[in-house]
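Survey of secondary and tertiary structure
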Amino acid sequence: PLFIGRDGRHGNLVKLHNFGPSSTRYAHMLHLARGLHVGRHVRQGQIIGYVGETGEATGPHLHFEIRVDGVPRNPLTVKLPAGAPLSPRERRQFEASIRPLVAMLNNTGQGQPQLASNDGRFAVASRQ
């Protein structure tokens, strides 16, 4: 990480250098993972913090931001280097693991259970 700590309106914030000129920011976290230190390498998939409501957040969420040369960019359109594709086995495991979540999301607003965040973890919540 390039920065770990409180940052005014962003609350608990982690800034990571990713590759070349790009960096990412994760803000409003409830608390940060143990063992996370500036200068220490983090790997993809490693937990760096937990969803929260710090800083000027209006509700629990994670603020994600990608920057290129210090300028915020749209994460849906920014050009990123290609990653290694999943093996067919990994792809099947991934699809099987998300199937119940996608089904719940598809039923949202129809009186069906839906996902709700609770301290950085997701749980099923009934809509009343």
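Before reading on, note that the structure itself is shown above.
Calculation notes
Residues numbered from 1 in each chain as written. Predicted model: local features only at pLDDT ≥ 70, side-chain atom pairs only at ≥ 80, totals over all residues. Heavy atoms only, no water. Phe/Tyr/Trp six-rings, centres within 6.5 Å; stacked < 30°, edge-to-face > 60°. Helix = DSSP H or I, 4+ residues; strand = E, 2+ residues; numbered from the N terminus. Buried < 20%, exposed > 50% of the residue type's maximum accessible area, 1.4 Å probe, protein only. Lys NZ or Arg CZ within 6 Å of the ring centre and 35° of its normal. Salt bridge = Lys/Arg side-chain N within 4 Å of Asp/Glu carboxyl O.

This brings us to the packing of aromatic side chains. Tallied over the entire structure, the rule returns 1 aromatic pair. On the basis of an interplanar angle of 55° and a centroid distance of 5.4 Å, the ring pair of tyrosine 26 and phenylalanine 64 is categorised as tilted. With tyrosine 26 in strand β3 (residues 22–27) and phenylalanine 64 in strand β6 (residues 63–68), this pair connects stretches of sequence that are 38 residues apart. You can call tyrosine 26 buried: its relative accessible area is 17%. Lysine 15 extends its terminal NZ or CZ atom over the ring of phenylalanine 3, reaching a point 5.3 Å from the ring centre.

On to the pattern of salt bridges, then. Tallying each qualifying case throughout the model produces 3 salt bridges. Put simply, glutamate 65 and arginine 25 hold a salt bridge, and the shortest N to O gap is 3.9 Å. Of this pair, glutamate 65 sits in strand β6 while arginine 25 is found in strand β3, placing the two residues 40 residues apart along the sequence. The same class applies to glutamate 65 and to arginine 25, which are both buried. Between arginine 67 and glutamate 65 there is a salt bridge, with its nearest N and O atoms 2.4 Å apart. Both residues of the pair, arginine 67 and glutamate 65, belong to the buried class. Among the charged side chains, a salt-bridge network with shared partners connects Arg25, Glu65 and Arg67.

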